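Examining the three-dimensional arrangement
Here are the chains, one letter per residue:
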Amino acid sequence: MRIGVLTSGGDCPGLNAVIRSVVHRAVVDHGDEVIGFHDGWKGLLECDYRKLDLDAVSGILARGGTILGSSRVQPAHLRGGVERARGHLADLGLDAIIPIGGEGTLKAARLLSDAGLPIVGVPKTIDNDIAVTDVTFGFDTAVGVATEALDRLKTTAESHQRVLIVEVMGRHTGWIALHSGMAAGAHAIVVPERPFDIEELTRVVGERFSMGKKFAIVVVAEGAKPLEGTMEFDVGGTDIYGHERFAGVAQQLSIELEQRLGKEARAVILGHVQRGGTPTAYDRVLATRFGWHAVEAVHRGEFGRMTALHGTDIVMVPLAEAVETLKTVPEDRYAEAQTVL
Ligand SMILES: Nc1ncnc2c1ncn2[C@@H]1O[C@H](COP(=O)(O)OP(=O)(O)OP(=O)(O)O)[C@@H](O)[C@H]1O
Ligand SMILES: O=P(O)(O)OC[C@H]1O[C@](O)(CO)[C@@H](O)[C@@H]1O
Ligand SMILES: [Mg+2]
């Protein structure tokens with residue numbers, strides 16, 4: 001068989017582990033040929049690719065980023081390119097494409113699959129917001145980076161008796177904020193799923209100081225917003241790909257909390273550092289398993305599906321289901337964290 005693989009959307013630790021696993025399983029165990037499209041869907045639309053043999057994937061398991069590159073393409077451009085993609089598949093003699101990406105990539109995968117292209121998806125995202133898989137690779141790494149940062153920020157916050165508001169990634173969901181906040185013992189966790197009440201947040205942080213504590217750490221997901229009408233808030237705008245461009249919730253919160261509490265506050269934005277660098281062992285293993293199972297699905301002709309983790313098993317789920325909803329932080333998970341804030 002001939003299989004094409006691509007990585008699309010924001011990069012994520014573990015992408016290279018998937019690529020390596022796909023190549024190993026396909027080439028060594030099945031005698032397939034694998035090619036990699038450059039820069040996500042753009043590479044497929046422009047027929048820009050290279051051959052991926054064992055040498056090409058040697059030494060990449062622990063490397064962050066993606067050796068194939070990634071990009072965002074305007075959805076309308078992709079929708080208009082379905083026939084071009086079909087033509088490239090035929091010209092290259094490809095039996096399947098394995099796109100590795102987040103919810104946007106999986107929506108595009110579904111679109112191409114509905115148009116009859118042989119697609120097996122692999123979900124990725126540090127945000128952990130894909131509904132039909134228990135976990136996505138990249139999340140464990142991102143939580144580790146954020147937790148280490150929070151541990152470090154605690155000591156400097158304490159020295160200066162400050163409130164530190166730490167902004168982590170998570171545009172629609174607060175999984176990184178929740179887990180890193182729990183792991184590092186943050187004093188407040190603010191997630192997009194629960195619009196925050198600035199009065200309540202001020203009270204929580206203020207009570208800590210009243211109890212004689214010298215500092216406070218607030219973790220906030222970048223997509224968090226205040227309850228409507230409770231605080232002046234700049235929501236930002238939209239970029240050319242339709243993504244919300246945030247105006248900086250941590251910065252806005254730090255100004256507000258400093259004024260309300262009379263305590264020095266600083267905003268720290270962890271940003272892309274959460275996405276860079278080597279994946280954790282957990283993410284390497286999950287990514288490797290996803291790659292292996294994606295190749296198997298190709299060989300079974302199970303198209304229009306993607307790999308998912310259910311418990312400890314890797315299963316195949318329809319792309320249609322995967323893109324229906326996002327996996328948000330449920331109230332009971334938030335409650336578990338709240339007790340130990
Ligand atoms: N609704 C859609 N229809 C068709 N194509 C889409 C759609 N949404 C996204 N895409 C395509 O998939 C690409 C990747 O989507 P997006 O930029 O949202 O990244 P992602 O895969 O969701 O990863 P991330 O988690 O980083 O956002 C887009 O650049 C676009 O080409
Ligand atoms: O790399 P970009 O385009 O700034 O995207 C950032 C977004 O991608 C993610 O890292 C993954 O979805 C989000 O957490 C974040 O909002
Ligand atoms: Mg997206």
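The protein chain has the name ATP-dependent 6-phosphofructokinase in an unreviewed UniProt entry, where Streptomyces gougerotii is given as its organism. The heading Cofactor (unreviewed entry) in the UniProt record of the protein chain holds the text "Mg(2+)". Turning to the protein chain, the UniProt annotation filed under Sequence similarities (unreviewed entry) states: "Belongs to the phosphofructokinase type A (PFKA) family. Mixed-substrate PFK group III subfamily."

Across its full length, the protein chain holds 12 helices and 13 strands. Taken against the 2.2 N^0.38 rule, which gives 20 Å for 341 residues, the C-alpha radius of gyration of the protein chain at 22 Å falls within 12% of a compact globule. The burial tally for the protein chain puts 52% of its 341 residues in the buried class. Taking contacts inside the protein chain between residues at least 6 apart in sequence as the whole, the part at least 24 apart equals 74%. Taken as two groups, the 35 positive and 45 negative side-chain charges of the protein chain have centres that lie 3 Å from each other.

Our focus in this paragraph is the site of ligand 1. Not every one of the 18 residues close to ligand 1 is listed here, only the nearest: Gly 10, Arg 72, Val 73, Gly 104 and Thr 105. The separation between an oxygen atom of ligand 1 and a polar main-chain atom of Gly 10 is 2.8 Å. With respect to ligand 1, the backbone of Gly 104 contributes an N or O atom lying 2.8 Å from an oxygen atom. Burial of ligand 1 by the protein amounts to 87% of the accessible area it has alone, namely 610 Å². Of all the elements in the fold, those that place two or more residues in the shell around ligand 1 are α3 (75–79) and α5 (103–114). Residue contributions to the shell around ligand 1 peak at five residues, all from α5.

Our focus in this paragraph is the nonpolar core. Ranked by size, the top nonpolar core spans 62 residues in total, and within it Leu 52, Ile 98, Ile 100, Val 122, Phe 137, Ile 176 and Ile 217 carry the most contacts. It is helix α6 (residues 139–160) that provides the largest number of residues to this core, a total of eight residues. Val 122 has contacts with Val 18, Ile 98, Pro 99, Ile 100, Gly 101, Leu 106, Phe 137, Phe 290, Ala 294, Met 306 and Thr 307, leaving out every residue within four places of it along the chain. Leu 89, Leu 112, Leu 117 and Val 132 belong to the second-largest nonpolar core, a separate cluster that totals 28 residues.

Right, let's get into α6. Helix length check: α6, at 22 residues, gives a terminal C-alpha distance of 31 Å against a target of 32 Å (1.5 Å per residue), a fit within 8%. If you check which residues of α6 are buried, you get Phe 139, Thr 141, Ala 142, Val 143, Ala 146, Thr 147, Ala 149, Leu 150, Leu 153 and Ala 157. Contacts made by the buried residues of α6 are with β6 (163–168), α7 (175–184), β8 (216–221), β11 (265–269) and α10 (281–300). One or two positions beyond α6, positive phi appears at Gln 161, with a value near 50 degrees.

Spatially, β7-β8-β6-β11 is the arrangement adopted by the four strands of the open sheet, whose pairing is parallel. Strand pairing shows two members of the sheet lacking a second neighbour, β7 (188–190) and β11, which therefore form its edges. If you compare each strand with its neighbour and ignore which way they point, the axes differ by 20 degrees on average. One ladder, built from five bridges, connects β6 with β11; its direction is parallel. Residue Leu 164 lies in a different strand from β11, and its bridge partner there is Arg 266. Across the sheet, α7 touches β6, β7 and β8, and the angle it forms with β7 is around 170 degrees.

Another aspect to go through is the layout of surface pockets. The space that makes up the largest pocket amounts to roughly 1100 Å³. In terms of lining, the largest pocket is formed by 41 residues, of which the most central are Gly 10, Arg 72, Glu 103, Arg 171 and His 243. For the lining of the largest pocket, the leading source of residues is α5, giving six residues. Per-class residue counts for the lining of the largest pocket are 12 nonpolar, 14 polar and 15 charged. When residues of the lining of the largest pocket are sorted by domain, at least three fall in each of domain 1 (1–136 + 278–320) and domain 2 (138–274). In this structure, the second largest pocket occupies an estimated 250 Å³ of space.

All right, on to the site of ligand 2 then. In the vicinity of ligand 2, the contacting residues are Arg 72, Ile 126, Asp 127, Met 169, Gly 170, Arg 171, Glu 222, His 272 and Arg 275. Separating an oxygen atom of ligand 2 from a side-chain N or O atom of Arg 72 is a distance of 2.9 Å. At 3.0 Å from an oxygen atom of ligand 2 is found a side-chain nitrogen or oxygen belonging to His 272. When isolated, ligand 2 has an accessible area of 400 Å², and the protein chains bury 75% of it. Its residues assigned to classes, the shell around ligand 2 comprises two nonpolar, two polar and five charged.

A few words on the environment of Arg 72. In this fold, Arg 72 is placed in the loop between β3 (49–51) and α3. Judged by its relative accessible area of 38%, Arg 72 is partly exposed. Placed 64 residues apart in sequence, Arg 72 and Ser 8 show a C-alpha to C-alpha distance of 6.9 Å. Other than its neighbours up to four places away in sequence, Arg 72 contacts Gly 9, Gly 10, Tyr 241, His 243 and Arg 275.

Rules used in this analysis
Residues numbered from 1 in each chain as written. Chains lettered and ligands numbered in written order. Predicted model: local features only at pLDDT ≥ 70, side-chain atom pairs only at ≥ 80, totals over all residues. Heavy atoms only, no water. UniProt positions renumbered as here; feature names shortened; annotations may be inferred. Helix = DSSP H or I, 4+ residues; strand = E, 2+ residues; numbered from the N terminus. Rg over C-alpha atoms; globule rule 2.2 N^0.38 Å. Buried < 20%, exposed > 50% of the residue type's maximum accessible area, 1.4 Å probe, protein only. Contact = heavy atoms within 4.5 Å. Lys, Arg positive; Asp, Glu negative; His and termini not counted. Charge placed at Lys NZ, Arg CZ, Asp CG, Glu CD. Near = heavy atom within 4 Å. Polar contact = N/O pair within 3.5 Å; in protein donor to acceptor, adjacent residues only side chain to side chain. Areas by Shrake-Rupley, 256 points an atom, 1.4 Å probe, with all protein chains shown as cover. Core = buried A, V, L, I, M, F, W, Y, C linked by side-chain atoms within 4.5 Å. Expected span 1.5 Å × (residues − 1). Pairing = 2+ DSSP bridges. Axes fitted to C-alpha atoms, helices over the stretch in contact; angles between N-to-C directions. 1 Å grid on protein atoms, 1.4 Å probe; cavity = no way out; pocket = protein on both sides within 12 Å on 5 of 7 lines; lining within 4 Å. Points joined across faces, edges and corners; volume = space filled by probe spheres on them. Nonpolar A, V, L, I, M, F, W, Y, C, P; charged D, E, K, R; others polar. Domains from an automatic or database assignment.

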